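Here is what each chain is made of, one letter per residue.
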Amino acid sequence: MANLLWLQGGACSGNTMSFLNAEEPSACDLVTDFGINVLWHPSLGMELGENLQRMMRGLVSGEIPLDIFVFEGTVVNAPNGTGEWNRFAGRPMKEWVRELANVAAFTVAVGDCATWGGIPATAPNPSESVGLQFLKRGHGGFLGKDYKSKAGLPVINIPGCPAHPDWITQIVVAVATGRGGDLSLDDFGRPKTFFTSFTQTGCTRNMHFAYKVSATEYGQRKGCLFYDLGCRGPMTHSPCNRILWNRQSSKTRAGMPCMGCTEPEFPFYDLAPGTVFKTQTVMGVPKDMPTGVDKTGYVKLTAAAKAASPRWAEEDIFVV
Amino acid sequence: MIEDKLQPSDDQERNAIAATLGSGLKTEVFPRADSHEEVQQIIARLRAVDGDLTAKLVIAGFTDHTIEHGGLEQPCETCMYYLVHRRYCELPELDCPVEPEWSCRLWRI
């Protein structure tokens, strides 16, 4: 039996909604098949008021073992570093976070807000929000660069806006069943099993990417969304086209550009007008290249690929 | 299918554009749309003229030869909006037949 506590800071509940839609395994499977005891969750917890505070104090004191501490949302420091804008169970949430993280065997940040601040931490960041261990790409998170949970791991970051439900439940099951030590994390605390490949990996538009045929409208089935519509699939680490959403689709498959929501800089360009769903260019060349590609190589490859493109690449082959 | 889209009007319209450009039509070849903001300004102007082909050619800075800018040649044939087999510009605001060696200032690769 592994005790799991899920708390919410500066959040929209999107990751809770995602978690409740998990299928492999489902949220119910966590309890019935994997022996996870959900002590409390914002949408599922039964305890209220003094009972909740008593349980929280029991966790902090060690009276109740805390095996998995899941945090969703930012750590809110406003106003003026006090955290009073986000109170929970009688005190600023950030104080609970500090004390719970100190006793947790594993600490898991779910969603962009908890991992690196996400949208709330975008300038001017009025809530003084930070992620658990990161603030955007820097180690400016609430728990500090050197934080390790009792199991010896840094915060396990499962980014996304929201994170895919199965990323959440599969990581929770891994740590609950004693396989937490097998988790390999990248430089940003993301499990490599999910965040080494790119969103583009498995994208149905890869042939259009290869032959440099651009989509010009949302929902269009032919064409790549990278060239004009701002898709960040070639430089975003996520398995969105390997572990499909609702088991059948993804943003790019549905004709919408990837926004790069598993990367620390999300939302890119601080949401400046004209930067969302529009490829940013300098003198006609994309400002953000596919990972590992330089401008010279890109220009050469594009010219060659375009010249070699077959007729079918320009057709909507999904229409029969 | 591409064949279905290859209507006779493609060739007719391409020839008409070529004749217009060849007759010395002055288009806004420079400044090129180097930044996102400049692209958006030109796109907004194109939307305003709607179906006026000559106005579109002027605003987009069409030429019947390739322009080099910033060390890069900018022919239609390497542009993201260009359909190789149809010889066509698919940018919704232009949406017209072209030749591979032509160029415009909305070129992007």
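Owing to the predicted nature of the structure, the values given are computational and were not obtained by experimental measurement. In this numbering scheme, every chain counts its residues from 1 along its sequence in written order. Each chain is given a letter, starting from A, and each ligand a number, starting from 1, according to the order in which they appear as written. Thresholds applied to this predicted model are a pLDDT of at least 70 for local features of residues and 80 or more for the giving and counting of side-chain atom pairs; totals over whole chains, interfaces and linings are not thresholded and use all residues.

1. Here's the deal with the overall build of chain B
Starting at the N terminus, helices and strands are each numbered in turn, a helix being any DSSP run of H or I of at least four residues and a strand any DSSP run of E of at least two. In terms of regular secondary structure, chain B is built from 4 helices and 5 strands. Starting at the N terminus and walking to the C terminus, you meet the elements of chain B as α-α-α-α-β-β-β-β-β. Taking the principal axes of its C-alpha atoms as reference, chain B extends roughly 35 × 25 × 25 Å. Counting contacts in chain B only where the partners sit at least 6 residues apart, residues at least 24 apart contribute 69% of the total. Our contact criterion uses C-beta atoms placed from the backbone: two residues qualify when those atoms are within 7 Å.

2. Focus on the pairing of strand β7 (residues 106-110) of chain A
Residues and elements named next belong to chain A. Within β7, 5 of the 5 residues are buried, which leaves it mostly tucked inside the rest of the structure. Burial is judged by counting the other C-beta atoms within 10 Å of a residue's own C-beta: 20 or more makes it buried, 12 or fewer makes it exposed, and any count in between marks it as partly exposed, with every C-beta position built from the backbone. Burial along β7 is two-sided: the face carrying Phe-106, Val-108 and Val-110 and the face carrying Thr-107 and Ala-109 are both buried. Only strands joined by at least two bridges in the DSSP assignment are considered to pair. The pairing of strand β3 (residues 68-72) with β7 spans 5 bridges and is classified as parallel. Among the inter-strand pairings, Val-70 is bridged to a residue of β7, identified as Val-108. Two strands pair when backbone bridges link them, and β7 and strand β9 (residues 156-158) are joined in this way by 3 bridges, in the parallel orientation. Of the residues in β9, the one forming a bridge with Ala-109 is Asn-157.

3. Considering the interface of chain A and chain B
Bring the parts together and some accessible area is lost; that lost area is often taken as the interface size. With 21 residues of chain A at the contact, the number on the chain B side is 23 residues. Contributions of two or more residues to the side of chain A that touches chain B are made by β10 (281-282) and α9 (295-308) of chain A. Top element by residues in the side of chain A that touches chain B is α9 of chain A. It accounts for 4 residues. Gly is placed with the polar residues, together with every amino acid not listed as nonpolar (Ala, Val, Leu, Ile, Met, Phe, Trp, Tyr, Cys and Pro) or charged (Asp, Glu, Lys and Arg). Class assignment of the residues belonging to the side of chain A that touches chain B gives a composition of 6 nonpolar, 8 polar and 7 charged.

4. What to know about unusual backbone geometry
Going from Glu-24 of chain A to Pro-25 of chain A, the amide bond is cis rather than trans, its omega being -5°. By the element assignment, Pro-25 of chain A lies in the loop between α1 (14-20) and α2 (27-32). For the peptide bond that leads from Phe-30 of chain B to Pro-31 of chain B, omega is 0°, which places it in the cis range. Secondary-structure assignment places Pro-31 of chain B in the loop between α2 (8-22) and α3 (36-49). In this structure, Asp-270 of chain A takes a positive phi of about 50° despite not being glycine.

5. Concerning the domain arrangement of chain A
Residues and elements named next belong to chain A. Note: domain ranges come from an automatic or database domain assignment. By the assigned domains, chain A splits into domain 1 (2-195) and domain 2 (197-314). Computed from C-alpha atoms alone, the centre-to-centre distance between domain 1 and domain 2 is 31 Å. The partner domain 2 presents 14 residues to the 18 residues of domain 1 that form the contact. Class assignment of the residues belonging to the side of domain 1 that touches domain 2 gives a composition of 9 nonpolar, 4 polar and 5 charged.

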